[in-house]
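Chains, contacts and geometry: an overview
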Amino acid sequence: MRKDINNTLLKYLNIVFLLLLQAGLNISYGQDIDKRKDKVNGRTFTYYVMKPQQEVKGMLILLPGWGESIPSIFKKTALPKLLADKGYLTIVPGLSQTLFADDHTIAELNYLIKVESSNNNLSEPKLILGGLSAGGAIAIGFAEHLLSADSTIKLVGVFAIDPPLDLERMYVSAENKIKYSCGGLVRKEGYFIKSYLENILGGSPQTKPEQYKRFSSYSAKAKENTNAKWLKGLPIRLYAEPDLAFVRKTYCNGLQFEDINAFDLEGLNKYLLQVGNNHCQYITTQGKGFHSWNIVDAADCVDWIIRLGN
């Protein structure tokens with residue numbers, strides 16, 4: 001069943017997430033990018049590594065959005081190149097298509113950290129997690145896992161670019177998109193997301209509420225028990241361009257603010273501020289490109305990462 005859903009997912013990626021395929025920055029690498037393959041729990045996966053020419057000081061795991069080719073990330077954002085100049089290793093893995101940090105994804109990321117730490121003689125690497133869209137949701141979910149598991153991995157910060165965090169909110173939004181009088185891509189996305197979540201989580205939020213709470217990085221309806229409580233002391237940046245006017249003009253005039261991922265980011269930011277996280281930043285942009293890597297000012301983000309590592 002899950003295989004069928006993933007095949008359907010791949011079929012519609014280019015339709016649902018067209019904006020992810022926007023041309024990124026044209027950069028000169030300067031450092032080598034190595035393609036590597038490995039296996040976890042009998043499943044092979046590919047990942048790419050950009051290694052600095054000097055001694056490695058820290059590690060960034062950068063997670064793509066659905067449908068993005070791994071090599072394209074090194075062109076869409078200058079983050080790996082700028083960090084390599086500062087002594088940071090960047091790893092971009094090709095993970096299973098998922099909206100959250102499931103058990104297999106967690107196993108892959110743990111393995112990557114272990115292997116690349118060993119390859120680069122890092123006994124306690126300064127780890128940064130980041131990603132776009134689903135990759136951003138996985139980054140935050142994996143950060144919550146590390147913190148809740150009292151891991152020995154030294155996680156110093158996480159950033160996420162327009163990720164969907166609240167799976168129940170996504171389900172409700174999917175149902176609304178089916179009902180909106182727009183049809184076309186919006187309705188197809190609604191049917192797809194609704195079917196995907198029901199198959200992966202075993203039903204709807206009404207029939208499987210604990211599953212939705214368990215795998216949501218942030219749950220607006222379960223603030224006392226949300227996974228986000230583990231982020232209370234972690235430096236975190238949430239990036240979004242909440243351009244509802246653009247979305248309505250481009251896709252469907254009936255879309256509401258609750259239908260875009262910025263709704264989750266606003267909620268998570270407010271929650272973390274309420275519980276005392278003074279290191280959480282919610283950064284919004286205008287005219288950078290809805291749901292794209294361009295939302296992030298790479299040089300500014302690198303400065304933030306370097307400060308965290310000092």
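Only a predicted model underlies this, so the values are computations on that prediction, with no experimental measurement involved.

A short note on the environment of Leu-95
The topology assignment puts Leu-95 in the loop between strand 4 (88–93) and helix 4 (103–119). Setting aside residues no more than four positions away along its own chain, Leu-95 makes contact with Leu-63, Thr-105, Glu-108, Leu-109 and Ile-138.

Digging into the packing of helix 4 against helix 5 (residues 134–148)
The N-to-C vectors of helix 4 and helix 5 enclose an angle of 75 degrees; their axes lie 11 Å apart at closest approach. With respect to each other, helix 4 and helix 5 are oriented roughly perpendicular. Contacts between helix 4 and helix 5 involve Thr-105, Ile-106, Leu-109, Asn-110 and Ile-113 from the first element and Ile-138, Phe-142, His-145 and Leu-146 from the second. By residue class, the composition of the contact of helix 4 with helix 5 is six nonpolar, three polar and no charged.

Some words on the pairing of strand 3 (residues 58–63)
In terms of burial, strand 3 is a largely internal element, six of the six residues being buried. Going residue by residue along strand 3, you find Gly-58, Leu-60 and Leu-62 tucked away on one face and Met-59, Ile-61 and Leu-63 tucked away on the opposite face as well. Note that strand 3 and strand 4 share four bridges and pair parallel. Across the sheet, Leu-60 pairs through a bridge with Thr-90, a residue of strand 4. As judged from the six bridges shared by strand 3 and strand 5 (residues 126–132), these two strands associate in the parallel manner. Among the inter-strand pairings, Gly-58 is bridged to a residue of strand 5, identified as Lys-126.

Brief notes about the state of the cysteines
Inspection of the entire model under this criterion finds one disulfide. Two residues, Cys-182 and Cys-252, share a disulfide whose sulfurs are 1.7 Å apart. The S-S bond linking Cys-182 to Cys-252 shows a torsion near 55 degrees; that makes this disulfide right-handed. Separated by 70 residues along the polypeptide, Cys-182 in the loop between helix 6 (167–179) and helix 7 (184–201) and Cys-252 in the loop between helix 9 (244–250) and helix 10 (262–274) bring together distant segments of the chain. In this structure Cys-182 comes out as partly exposed when scored by relative accessible area, which is 33%. On the basis of relative accessibility, which here comes to 3%, the residue Cys-252 falls in the buried class.

Observations concerning the pattern of salt bridges
Tallied over the entire structure, the rule returns ten salt bridges. For Glu-189, the salt bridge goes to Lys-177, with nearest N and O atoms at 3.1 Å. With Glu-189 in helix 7 and Lys-177 in helix 6, this pair connects stretches of sequence that are twelve residues apart. Salt bridges sharing partners connect three or more residues here, namely Asp-34, Arg-36 and Glu-116.

Parameters and conventions
- Residues numbered from 1 in each chain as written.
- Predicted model: local features only at pLDDT ≥ 70, side-chain atom pairs only at ≥ 80, totals over all residues.
- Heavy atoms only, no water.
- Helix = DSSP H or I, 4+ residues; strand = E, 2+ residues; numbered from the N terminus.
- Contact = heavy atoms within 4.5 Å.
- Axes fitted to C-alpha atoms, helices over the stretch in contact; angles between N-to-C directions.
- Parallel < 35°, antiparallel > 145°, perpendicular 65-115°, else oblique.
- Nonpolar A, V, L, I, M, F, W, Y, C, P; charged D, E, K, R; others polar.
- Buried < 20%, exposed > 50% of the residue type's maximum accessible area, 1.4 Å probe, protein only.
- Pairing = 2+ DSSP bridges.
- Disulfide = S-S within 2.5 Å.
- Salt bridge = Lys/Arg side-chain N within 4 Å of Asp/Glu carboxyl O.

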